[in-house]
Amino acid sequence: METRRLPVEVITYILSFLPIADRKEASLVNHTWYFAAQDSLRQENILYNIPATSASLAAIESLARRRVSCVSLTSLDSSTVSRDVIQAVSCHLGPHLQSLCLRGSSLPETAFVHLLLACPCLSALDLTGCNSLFMSGTLLSKPETISQARGALTNLQDLNLAGLRYLSDLSFNRLTGCAPHLARLSLARCHLTFEFDPYRGSSNYNSSALLSFRNLLRFLKERASSLRALDLSGTSITSPAMRSLVQVEGLRLRELVLQNCRDLSNEAIGLLCTHQPHLTVLDLTGCSELSDRAALTVSAGLRALRSLGLGKLQRLTDGGFLGIAELRSLQRLDLSECSLVSGSELVKVCSTPELRPSLASLSFAFCSLLRDSSVLSLARSLSPSLRVLDLSSCVSITNVSIQAISSHLPRLTVLRLAWCKELTDWGLLDVEEPREERHHRREKDAGPQFSRNFGNMGFFLPPLQNLEQDPKVLSDSAWNESQKRHRASLQALKQLQELDLMACSKLTDSSITKVIRFPALRRLSLGLLPEITDASLVAVARGCQSLEQLSMSHCGKLTDKGFLEAASSLRRLQHLVISGCSQLTRQTKLCAASLFLPPPHQQARPHQLLPEHTGLRFTRSSPPTTTLWEPAPLDSSKVTRGAFTRRGGQCSNKSL
């Protein structure tokens, strides 16, 4: 049956199994496929980025015909163009808009109120960094405006007020008073006062000068039955304040984020686990006063936990994981920058099938005590479930770890090995390293040695001899021999979507050209690899044609010829970093800039939407984003060596 005879609903269902970048390509087949691709995006609540430019006006009308419900307005200010964009969104998208993000915008209060009143179905509102709205303290000050806002925000469940310097009790009460059904609230990095009490026993919490914990506590008592997620990261919440918060009657939190709250103690975490046992997400990253006692308390008291962040806890050791087996539902564990953690206790738990958690994401970044034996055991134990593994800056791991990952974790989608300087070509290819090469490497890494041949005083570096030469290059015959033995190389990770090999300085063309061939790979970092040449760049471009982000900074052997040859295969590239590549000239700059211009047949239709996926770094799941395509002429004289980013069809450069 010809595809043009298939119903749009059937094509939409088929396309729903593809990544967003593939749906973008499918939308160019014909009109039927175009609308089917857009329908599949709408069904997944994709977030669309709409920049404040005149080119967005026609696209907004096109989005309205497809009833897009999630948008992010960027670069809004008091200009005429921004007012026109706000008016268009209010008129065309407002009636069916469910999620609105104004992150970092500087729009006037009147424009915000106008936009807010035009969106009666909002369920999520993000005002992160919108300080201009709260600077005067008059937002929603008129009674008639408040009554209208209550009607527009009656369905609001998610409110993000992070990073607002001028948020006060008065403006907080006005805004939250219009949203009676809030379930998620973020006050991260807001200037909350905990010790100072400005009300001195009064119950009228309407200060226009500060945001007090006493007023937040009043809000929590009123909304205890509906509030499920709270983010107080970077607020310096104290242990007495935490005690008051967790003991609020009727409060049953599911998610609590307390990143960089450095005044929290182990006792406060104990009270948290006692009074909020239903938590499924807890992030204590950067709470530097916490130790093993806090980790043991969490393991014993929060049995339903699914995501746990313990990064940057310098007092945490392996002893804190003696009870990790109690967290049977745990799926995400972040131990990054825990310098005293080696993973030994976690290995013991995961070695017992009936005790091991089904971890899908595990981070040991910057854990210098992690050894190959631990990585090998964890790879074997977590093979069925693990999808994301971060071993960045684990300086003690060697080829043994990468070979264990290749053999036991074929379902990985994200692998980060940046700054693991002991990784070599032999490890990526899973080829047995020659004995003389291992011996040479150990001697070289052993450091200064004493010898009577060159005097009898002190330590020294011996003069260069024949052994002090570049590592032996892997030959094609050794690679072919390993292929016959069916050993798993890094290429066994067929589902890989992100790979970071930055600063693994012993890697060369021998491995990069042979194993970096991943059809689904979207993000790749090969920066600070001084030995790779144009051969690696071309091989990557041909073997990873779904790449959207590529970093090859400070690769000094790359030349114009390699980029010109690779450009034809990098049609989906959105972000390119080539800073520090000293041999590149203006020819490469122009070639790189041309990658970010739409094809001529797309330039003629600026109203069309070409979706492109960008990864969001949130502690909770967020919808992927899509950027409007804004074709614009390119001024080649403004293109310099740096980081090129495709932003709606325009090429922006961020020099590094």
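In short, a report on the structure. (Residues numbered from 1 in each chain as written. Predicted model: local features only at pLDDT ≥ 70, side-chain atom pairs only at ≥ 80, totals over all residues. Heavy atoms only, no water.)

In terms of burial, strand 1 (residues 47-51) is a largely internal element, five of the five residues being buried. Side-chain alternation along strand 1 places L47, N49 and P51 on one buried face and Y48 and I50 on a second face that is also buried. Strand direction decides the pairing type here: strand 1 and strand 2 (residues 70-74), joined by four bridges, are parallel. Paired with I50 across the bridge in strand 2 is L73. In the classification by handedness, the crossover that spans strand 1, the intervening helix 4 (residues 56-65) and the parallel strand 2 is right-handed. (Buried < 20%, exposed > 50% of the residue type's maximum accessible area, 1.4 Å probe, protein only. Helix = DSSP H or I, 4+ residues; strand = E, 2+ residues; numbered from the N terminus. Pairing = 2+ DSSP bridges. Right-handed = clockwise from strand over helix to strand, strands pointing away.)

What follows concerns the packing of helix 9 (residues 213-222) against helix 10 (residues 239-246). As a packed pair, helix 9 and helix 10 sit with axes 10 Å apart at the nearest point and diverge in direction by 15°. Classified by the angle their axes make, helix 9 and helix 10 are roughly parallel. As for how helix 9 packs across helix 10, the hand of that crossing is right-handed. Taken together, the residues of helix 10 that come into contact with helix 9 (itself represented by F213, L217 and L220) are A241, S244 and L245. Taken together, the residues of the contact of helix 9 with helix 10 sort by class into five nonpolar, one polar and no charged. (Axes fitted to C-alpha atoms, helices over the stretch in contact; angles between N-to-C directions. Parallel < 35°, antiparallel > 145°, perpendicular 65-115°, else oblique. Left-handed = near helix turned anticlockwise from the far one by under 90°. Contact = heavy atoms within 4.5 Å. Nonpolar A, V, L, I, M, F, W, Y, C, P; charged D, E, K, R; others polar.)

Structurally, the α-helix is built with 3.6 residues per turn, so residues lying three or four positions apart point the same way. When helix 1 (residues 8-15) is considered as a whole, its buried residues turn out to be I11, T12 and L15. Looking straight down helix 1, one finds that the buried residues subtend no more than 105° of arc, so they occupy a single side. Those residues of helix 1 that are exposed and aimed more than 90 degrees away from the buried face are E9 and Y13. (Arc of directions from axis to C-beta.)

On to the pattern of salt bridges, then. Per the stated rule, a full pass over the model turns up 17 salt bridges. Residues D158 and R184 are paired through a salt bridge, measuring 3.7 Å at the closest nitrogen-oxygen approach. Here D158 is found in strand 5 (residues 158-160), whereas its partner R184 is found in strand 6 (residues 184-186), with 26 residues between them in sequence. By relative accessible area, D158 is classed as buried at 13%. (Salt bridge = Lys/Arg side-chain N within 4 Å of Asp/Glu carboxyl O.)

A few words on the nonpolar core. Among soluble globular proteins, nonpolar side chains are generally buried collectively. In this structure, F364, L415 and I516 are the most contacted members of the largest nonpolar core, which totals 167 residues. Here L415 is in contact with L389, I402, I405, L490, L493, L496, E498, L499 and D500, once residues within four sequence places are set aside. By size, the runner-up hydrophobic cluster in this structure holds six residues, among which are I11, A26, W33 and A37. (Core = buried A, V, L, I, M, F, W, Y, C linked by side-chain atoms within 4.5 Å.)

Just geometry here; none of it tells us what the structure is for.
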